[in-house]
Amino acid sequence: MRTQRGISRFIAVAVAAFVMVAGILATPARAEEEHREPLLAFNHAWAMVDQETADAIEHSDYLGRFADRRISTGNDGTNTWTGRYLLGKETYLEFFGPGDAPGAFVGDTGLAVSADDDGDLATATANLRTLGVDPVEFTQVTDLGDGVPIPWFDVLYTSDDYDTFFAWAMEYRDEFLEDPRLTFPPAAYEGDVSRDRYNRDRYLDHQMRDVVGVQIATTAADIDKMVPLWRAGGITIRELKNGSVLAFDGMTTIHLLPAPAEEAGVRHVVLALNEPAEEPHTEIIGSSTLQVGPGAYALWTFEPNDGAAASARSTRAGKPLHPAYGG
């Protein structure tokens, strides 16, 4: 019992430290990085995990109660991908196992930020050009099953070249959110293309509310290429002496750790709960550990991958790292 209390106390401190890292950002490293209302905010992160962990995420009875879990296969008319989704109020997580996403390997990760107001992505695009970056832009489509692709969301990213981590910005299209086949709620305000509208309210039936922290290890080159996108979106950035980067959008903290490609992957995820956990709970999910509580947060820790896929990795120029974009 004493050991369990000690573990719970350690987890509580770790979660609090991760969540409260926003306090570190109160005085940004650069004055121009301070924005009251970011144009873009954390939407979701994805990770390619080992098969054991992917299977456990898909079939865990506990995880199905803890979060709004969905297993879904997407199709854009050219490519298909199967993901395991844990949906919150405004944010979500997406997991793939080997073979689920073309072109990705265990340890590969990605992260999307998005606009909640129609037109904010265009403003971020202009800001990115001001920073000296010539961005890549396109509209992602999806096929709802009738063979006729429809616009899904607009995409913005900084570079086609990456090692293990790919970040992009997005803005949902009105045609998609208003398609009667999809039953999204009506716009809450003019120009509502928000994460809250896209995710619906199924999170209310579960413990998980939102992703408030994510820690990802990737190469220093990836960090350098992806961070300007967040700066253009008004997200507060702090660059640390060890090469790490912290990004904070007002709710979610992103922590990128520099690491060799063979050591890349998701490390930790911090989740806010709808209500404080009455009793702390530890759940082993494949090679990962989910510690729920004590308190109003959960900490999900992933073991570093064994590097078996490292030899298969290479820079994939011209192919952004996300299954929906063709692998």
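Structure shown above.
Keep in mind that this is a model prediction, so the values were computed, not measured. In every chain, residue numbers begin from 1 and rise along the written sequence. Confidence filtering applies because this is a predicted model: local features only for residues at pLDDT of at least 70, side-chain atom pairs given and counted only at 80 or more, and all residues used for totals across whole chains, interfaces and linings. Just so you know, side-chain values use all the structure's heavy atoms and leave hydrogens and water out.

**Q** Mind showing me how you'd approach the overall build of the protein here?
**A** The helix and strand labels rest on DSSP assignments: H or I over at least four residues marks a helix, E over at least two residues marks a strand, and numbering proceeds from the N terminus. Of the regular secondary structure elements, the protein holds seven helices and 16 strands. Each residue is placed in one exposure class: buried if its accessible area under a 1.4 Å probe, protein chains only, is under 20% of its type's maximum, exposed if it is over 50%, and partly exposed if it falls in between. Burial status across the protein gives 53% buried among its 327 residues. Across the protein, every contact between residues at least 6 apart in sequence was considered, and the portion connecting residues at least 24 apart equals 71%. Accessible surface, the protein: about 14,000 Å² in total, of which carbon and sulfur atoms supply 51%. In this description, contact between two residues means that some pair of their heavy atoms is separated by no more than 4.5 Å. Per-residue accessibility takes into account occlusion by the displayed protein chains alone, with areas from the Shrake-Rupley method and a 1.4 Å probe.

**Q** Would you mind showing me how to read the pattern of salt bridges here?
**A** By definition here, a salt bridge exists when the distance from a side-chain nitrogen of Lys or Arg to a carboxyl oxygen of Asp or Glu is within 4 Å. Evaluation of the coordinates by the stated rule reveals 13 salt bridges. Here K89 ties to D196 by a salt bridge, and the two come within 3.2 Å at their closest N and O atoms. Here K89, found in the loop between β3 (80-87) and β4 (92-96), pairs with D196, found in helix α6 (residues 195-199); they are 107 residues apart in sequence, far enough to count as distant. The class for D196 is partly exposed, based on a relative accessible area of 25%. E175 is the salt-bridge partner of R173, the closest N and O atoms lying 2.7 Å from each other.

**Q** Just to check I follow, could you spell out the nonpolar core for this structure?
**A** Side chains of nonpolar character tend, in soluble globular proteins, to be buried together. What is meant by a nonpolar core is a set of buried Ala, Val, Leu, Ile, Met, Phe, Trp, Tyr and Cys residues, joined one to another through side-chain atoms within 4.5 Å. In terms of nonpolar packing, the biggest core is built from 78 residues, with F66, L111, W230, L271, L290 and W300 touching the most fellow members. Here the element with the most residues in this core is strand β8 (residues 165-172); it accounts for seven residues. Beyond its immediate stretch of four places on either side in the chain, L271 contacts F66, L93, M208, D210, V211, V212, L290, A296, Y297, A298 and W300.

**Q** Looking at this model, I keep getting lost on the sheet that holds strand β9 (residues 208-218). Mind explaining?
**A** The pairing of strands in a sheet happens through backbone hydrogen bonds and is either parallel or antiparallel. If DSSP finds at least two bridges between two strands, the strands pair. The strand order β10-β11-β12-β9-β13-β16-β15-β14 describes an open sheet built from eight strands, whose pairing is mixed. What marks the edges here is a single partner per strand, and that holds for β10 (236-239) and β14 (281-285). Pairs of neighbouring strands in the sheet enclose a mean axial angle of 15°, with direction left out of account. In the sheet, β9 pairs with strand β13 (residues 265-277) via eight bridges, with the strands oriented antiparallel. Across the sheet, the residue bridging to V214 is V269, located in β13. Contacts from helix α7 (residues 220-232) reach β9, β10, β11 (245-248) and β12 (253-258), with the element oriented near 155° to β12. As a rule, the C-alpha atoms of each element are fitted with a line to give its axis, helices using only the stretch in contact, and angles between N-to-C directions run from 0 to 180 degrees.

**Q** How should the packing of aromatic side chains be read in this particular structure?
**A** How two aromatic rings sit relative to each other is set out by the distance from centre to centre and by the angle between their planes. When the centres of two rings from Phe, Tyr and Trp lie within 6.5 Å, Trp using its six-membered ring, the rings pair. Their planes under 30 degrees apart give stacked, over 60 give edge-to-face, and anything left gives tilted. Within this structure, the stated rule accounts for 17 aromatic pairs. Residues F176 and F184 carry aromatic rings whose centres are separated by 5.4 Å and whose planes lie at 50° to one another, so their mutual orientation is tilted. Of the two residues, F176 and F184, both sit in the buried class. Plain terms: the ring middles of F184 and Y198 are 5.5 Å apart, the flat faces sit at 20° to each other, and that makes the pair stacked. Here Y198 lies in helix α6 and F184 lies in the loop between α5 (174-177) and α6, a separation of 14 residues in the sequence. Taken as a pair, F184 and Y198 share a single burial class, namely buried. Three or more aromatic residues link up through ring pairs in this structure, and these residues are W152, F153, Y172, F176, F184 and Y198.

**Q** What is the right way to read the packing of helix α4 (residues 120-130) against α7 from this model?
**A** Packed helices, taken two at a time, are described by the angle their axes make and the gap between the axes. Between α4 and α7, whose axes approach to 8 Å, the crossing angle comes to 125°. By the angle class used here, α4 and α7 are oblique. Of the two possible hands of crossing, α4 and α7 adopt the one that is right-handed. Within the contact between the two elements, α4 uses A124, N127 and L128 and α7 uses P228, L229 and A232. Oblique is the label for every angle not falling under 35 degrees (roughly parallel), over 145 degrees (roughly antiparallel), or within 65 to 115 degrees (roughly perpendicular). Each crossing gets its handedness from the near helix: less than a right angle anticlockwise from the far helix is left-handed, clockwise is right-handed.

**Q** Is there a simple way to explain the environment of T125 in this structure?
**A** As for its placement among the helices and strands, T125 is situated in helix α4. Distance in space between the C-alpha atoms of T125 and Y157 is 9.0 Å, their sequence separation being 32 residues. Ignoring anything within four residues of it in the chain, the contact list for T125 reads P135, E137 and L156. There is a polar contact of 2.8 Å between the side chain of T125 and the backbone oxygen of L121. Any N or O atom pair separated by 3.5 Å or less is treated as a polar contact, with the protein-specific requirement of one donor-capable and one acceptor-capable atom, and with residues adjacent in sequence counted only for side-chain atom pairs.

**Q** Looking at this structure, how should I read α7?
**A** One full turn of an α-helix is made of 3.6 residues, so residues set three or four places apart face in the same direction. Of all the bends in α7, the greatest, near 25°, is centred on M226, and the proline P228 appears no more than four residues after it. Once α7 finishes, G234 follows within two positions and takes phi at roughly 80°, a positive value. Given a residue, its bend is the angle between the two axes fitted to the seven residues that end at it and to the seven that start from it.

Purely geometric numbers; function is a separate question.
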